[in-house]
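# A structural walkthrough
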Amino acid sequence: MWTVIYIAPNKAVAEKYQKAFADEGILAQLKPVGSQESIDVSVEILVPESEAEEANEILTGIMRS
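Residues numbered from 1 in each chain as written. Predicted model: local features only at pLDDT ≥ 70, side-chain atom pairs only at ≥ 80, totals over all residues. Heavy atoms only, no water.

Let us look at the overall build of the chain. When you go through the chain residue by residue, the secondary structure sums to two helices and three strands. Mapped in sequence order, the helices and strands of the chain form the string β-α-β-β-α. Relative to its length of 65 residues, the chain is compact, with a C-alpha radius of gyration of 11 Å against a globular reference of 11 Å. In terms of its C-alpha atoms, the chain occupies a principal-axis envelope of roughly 30 × 30 × 15 Å. Partitioning the contacts of the chain with sequence separation of at least 6, the portion at a separation of at least 24 is 65%. (Helix = DSSP H or I, 4+ residues; strand = E, 2+ residues; numbered from the N terminus. Rg over C-alpha atoms; globule rule 2.2 N^0.38 Å. Contact = heavy atoms within 4.5 Å.)

Let us look at the environment of Ala-14. In this structure, Ala-14 sits in helix H1 (residues 11-23). Taking relative accessible area as the criterion, Ala-14 reaches 0% and is therefore assigned buried. Ala-14 sits 13 residues away from Leu-27 along the chain, and the two C-alpha atoms are 13 Å apart. The residues contacting Ala-14, other than those within four sequence positions of it, are Ala-8, Leu-30, Val-43 and Ile-45. (Buried < 20%, exposed > 50% of the residue type's maximum accessible area, 1.4 Å probe, protein only.)

Right, let's talk about the nonpolar core for a bit. One finds Ile-5, Tyr-17, Phe-21, Ile-26, Ile-45, Val-47 and Ala-55 to be the most contacted residues of the largest nonpolar core, which totals 16 residues. Where this core is concerned, the elements lending two or more residues are strand S1 (2-8), H1, strand S3 (43-48) and helix H2 (52-64). For this core, the element with the highest residue contribution is H2, accounting for five residues. In this structure, Val-47 is in contact with Met-1, Trp-2, Thr-3, Ile-5, Ile-26, Leu-27, Ala-28, Ala-52 and Ala-55, ignoring residues within four places of it in sequence. (Core = buried A, V, L, I, M, F, W, Y, C linked by side-chain atoms within 4.5 Å.)

It is worth stressing that arrangement in space is one thing and function is another; only the former is reported here.
Set out below in structure tokens:
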């Protein structure tokens with residue numbers, strides 16, 4: 001089961017976080033919020049439920065730096 005761990009303000013930020021997760025071996029899916037697939041639309045970042053805690057720690061570290 002996939003869990004939303006963050007809603008990024010745009011696609012560029014979501015892709016940055018997705019790459020950071022991939023670098024740590026965590027799968028991440030991106031899902032635009034709403035029906036438009038524009039670069040300015042918010043994007044949900046989803047990870048497997050079993051990896052949500054680790055992904056959250058990575059995300060916290062990125063946001064602090």
